[in-house]
Amino acid sequence: ESLGPGYGENEQISIASITGDHGSLIQPRVKKTKEEQQARARDKGEVFTPAWICNKQNNLVDNEWFGTTGLFNEETDTGWTTNPAPIPFPTKDGKTWQDYVNDTRLEMTCGEAPYLVSRYDTITGVIIPVKERIGLLGRKLRVVDENTSTPEEWYAAAKLAYQATYGYEWQGDNLLLARENALFTFVDYYSDK
């Protein structure tokens, strides 16, 4: 709000308000000062979860869905070791890879979307390589990669994965970062494929 009209708490974020002289106004949490991080935690209840905890919690979701453990990775004390083997389908319940891609996932108060796309660790800022990502949408895109062979098949399945994955966020700057991370995740996985 100290920047003047158009920067109030209830104002929409416009392209003009975050480019030019204000091109670095919206930053991931890791690039904010400790004081800014503490103020957002105090004033808005904003907290960020390390990638290794996101992975543990996402593993719980997948362990339940698949009825087994360790398909995507094996957890370590503060990290994980990715399982490079293709994810097996159909499951014991007859679920297919298409069922997994189409299964609805929702992250409430998604912040920068680390539970969904995990492009970087929100605490350290360290980039997570595509093959090591643990986000719920990233896992779906991994399954898409493993089960499609043409660009058309990949795109159609990736589109379904995005249509079944939701993130809700109240704070506009975090929502913009989450959308940016979701877009760049698409580019990352498409380029990797």
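Predicted model only: the values in this text are computed from it and were never measured.

S.K.: So what about the packing of helix 5 (residues 151-163) against helix 6 (residues 172-192)? Which residues, and what values?
M.R.: Two numbers describe how helix 5 lies on helix 6: the axes approach to 12 Å, and their chain directions differ by 155°. Of the possible angle classes, the one that applies to helix 5 and helix 6 is roughly antiparallel. For the element pair helix 5 and helix 6, the recorded crossing hand is right-handed. Of the residues in helix 6, those in contact with P151, W154, Y155, A158 and Y162 of helix 5 are A182, T185, F186, Y189 and Y190. Its residues assigned to classes, the contact of helix 5 with helix 6 comprises 9 nonpolar, 1 polar and no charged.

S.K.: Mind laying out the nonpolar core, listing which residues take part and the relevant values?
M.R.: Counting residues in hydrophobic clusters, the biggest one holds 25 residues, and the most contacted among them are F66, F89 and V143. Where this core is concerned, the elements lending two or more residues are helix 2 (51-66), helix 3 (97-102), helix 4 (136-147), helix 5 and helix 6. Sorting elements by how many residues they give to this core places helix 4 first, with 5 residues. F66 has contacts with L71, F72, I87, P88, F89, T91 and Y100, leaving out every residue within four places of it along the chain. If you look at the next biggest cluster of nonpolar residues, it comprises 6 residues, including A51, C54, W80 and I128.

Cut-offs and rules
Residues numbered from 1 in each chain as written. Predicted model: local features only at pLDDT ≥ 70, side-chain atom pairs only at ≥ 80, totals over all residues. Heavy atoms only, no water. Axes fitted to C-alpha atoms, helices over the stretch in contact; angles between N-to-C directions. Helix = DSSP H or I, 4+ residues; strand = E, 2+ residues; numbered from the N terminus. Parallel < 35°, antiparallel > 145°, perpendicular 65-115°, else oblique. Left-handed = near helix turned anticlockwise from the far one by under 90°. Contact = heavy atoms within 4.5 Å. Nonpolar A, V, L, I, M, F, W, Y, C, P; charged D, E, K, R; others polar. Core = buried A, V, L, I, M, F, W, Y, C linked by side-chain atoms within 4.5 Å. Buried < 20%, exposed > 50% of the residue type's maximum accessible area, 1.4 Å probe, protein only.

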